[in-house]
Amino acid sequence: VPSFCCHNASWLALNMLTDLISVIFGVTVLWVMTSGSFSAMAANVAWGCTAWVFTQHIFPYWKHLWRISCGHWEPGIKAHIEALYCFPVKSCGAISLKEATLGPCGIEHDREWVIVRMPTQSSETAQSSETAQSSETAQMLTIRDYPAMVLLKPSFDPEGQLELKTPSGSSITVVAPSTPRTVSFLLWRTEVQGFDQGPQVARFLTEYLGCEDSPVLLLRMPDPQSRQLSQCSKYLHAPAVADASDGGGAAKFSDWAPFNVLSTTSLRWLNRRCVALQRPCNYTALHFRPNIVVNLVGGQAFDEEMWDRFSIGGVPFQFLKHTGRCLVPTVDPLTGVRNKKMEPLTTLKQFRGGVYTFLPDGHADRDKEEAFLAVAARHFPETGQKLRVGDEVHVSEFRDNRLWQHS
């Protein structure tokens, strides 16, 4: 039996034990209330109860195993896109989309910009000039250290220029220099580069984030520039990337993959678990910053983890890895306030904590505990691809193992 069935087997055993207790209680009551032959009555009740338990629990469970092994949906299960999100600036606000145009790196403009901080000794040069061409090393800024970033709302004007707006209402249109300088920084151990977007937006962001002692810059990775997923030292061992002939796909400034997919069923599981434990709940998809939110009707929580090859609206996708969550979901996307008890990360680590099994022994993150929710995926880009809210999901190949295990 595949390892992912362990949770379902425990669920089945618990339900069957509950049914058995109920049957014993019911038979006892009937025996006490009737004066007829107990053996005849018990035989009829036993046959009825056996049929009921089989149809309600054993048969559905066998169907569940069958669909995974054969690569078919269970009858009645349907999935479609419920929401699409683009995050133009890494760690800043989202743009909700009804239709998304896809490029080689995922949804157009997703994580195309990033905010970085220059070294303090370079404070005079942090406000870039239009003629500077030198390359400097900077530090990436994220919600993990600057929760207020999530309240910075992006949009695009009619000419396609990026606009940023603060909660107080101040805004700026980003106009890049004609000859921007190149700035390098580390994106989770991988060196990447972006083009400085100029001194005006640098001053705007420095003031908003309160970084006057160490000014910040806005960098961009415009098309056709990208970074190959196989260049990331942390995840290059993921089978779908290591075995790919095209480098496993490409992305811009996302943590790794071009797409993050989350189902509403998995999100409901988390909220219900938090309610049962009397912990803060009402988490939304935006806490986890997915690009694609899938409404899964008739399925189970975490079913999206079993999709190996699938298509959405005719666009082909492939599973890359499970998403290990960081501190980002602990920040409320509406208030920018971090949860003091580190929820929902604490609950996820309790029930969904584990390690990546594809990392080789000796790897720096081999024994690092992650909290898993949602999946990283790639698409196979072609000209003219689009995704729309309501597009159906069709799974052609299911996975029969997990790439993580409980720690």
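Report on the accompanying structure. Here the structure is a predicted model, which is why all the values come from computation and not from measurement.

**Section: the environment of Arg111**
Relative to the helices and strands, Arg111 is located in the loop between β4 (106–107) and β5 (113–117). Judged by its relative accessible area of 10%, Arg111 falls in the buried class. In the structure, Arg111 is positioned 21 residues away from Lys90 in sequence and 5.0 Å away in space, judged by C-alpha atoms. Beyond its immediate stretch of four places on either side in the chain, Arg111 contacts Phe87, Pro88, Lys90, Lys252, Phe253, Ser254, Arg289 and Asn291. Here the side chain of Arg111 touches Asp110 through a polar contact of 3.1 Å, side chain to side chain.

**Notes on the environment of Arg378**
With respect to the secondary-structure elements, Arg378 resides in strand β20 (residues 370–379). By relative accessible area, Arg378 is classed as buried at 2%. Along the chain, Arg378 and Ala251 lie 127 residues apart, while their C-alpha atoms are 9.1 Å from each other. Excluding residues within four positions of it along the chain, Arg378 makes contact with Ala244, Asp246, Gly248, Gly249, Pro258, Phe259, Pro316, Phe317, Gln318 and Leu320.

**Observations regarding the sheet that holds strand β3 (residues 99–103)**
Reading across from one edge, β4-β3-β21 is the order of the three strands in this open sheet, with antiparallel pairing throughout. Lying at the two open borders of the sheet, with one neighbouring strand each, are β4 and β21 (386–388). Across three bridges, the pairing between β3 and β21 is antiparallel. Paired with Glu99 across the bridge in β21 is Arg388.

**A closer look at unusual backbone geometry**
In most cases, non-glycine residues show a negative phi, while peptide bonds are predominantly trans. Backbone torsion omega between Asp223 and Pro224 reads 5°, so that peptide bond is classified as cis. With an omega of 5°, the peptide bond running from Glu343 to Pro344 counts as cis. Position of Pro344 among the secondary structure elements: in the loop between β18 (315–325) and α7 (345–352). Even without being a glycine, Arg111 presents a positive backbone phi close to 50°.

**Here we look at the environment of Met342**
When you line up the elements, Met342 lands in the loop between β18 and α7. Here the alpha-carbon distance between Met342 and Leu327, two residues 15 residues apart in the chain, equals 7.7 Å.

**Describing the sheet that holds strand β9 (residues 171–173)**
Pairing is antiparallel across the open sheet formed by three strands, whose spatial order is β7-β8-β9. The open sheet has two edge strands, β7 (153–156) and β9, and neither has a second partner. Neighbouring strand axes in the sheet, compared pairwise and without regard to direction, differ in orientation by 20° on average. As judged from the three bridges shared by strand β8 (residues 162–165) and β9, these two strands associate in the antiparallel manner. Opposite Lys165, over in β9, you have Ser171 as the bridge partner. Its contacts with the sheet place helix α4 (residues 199–209) against β8 and β9, and it is angled at close to 160° to β9.

About the thresholds
Residues numbered from 1 in each chain as written. Predicted model: local features only at pLDDT ≥ 70, side-chain atom pairs only at ≥ 80, totals over all residues. Heavy atoms only, no water. Helix = DSSP H or I, 4+ residues; strand = E, 2+ residues; numbered from the N terminus. Buried < 20%, exposed > 50% of the residue type's maximum accessible area, 1.4 Å probe, protein only. Contact = heavy atoms within 4.5 Å. Polar contact = N/O pair within 3.5 Å; in protein donor to acceptor, adjacent residues only side chain to side chain. Pairing = 2+ DSSP bridges. Axes fitted to C-alpha atoms, helices over the stretch in contact; angles between N-to-C directions.

By themselves these figures say nothing about function.
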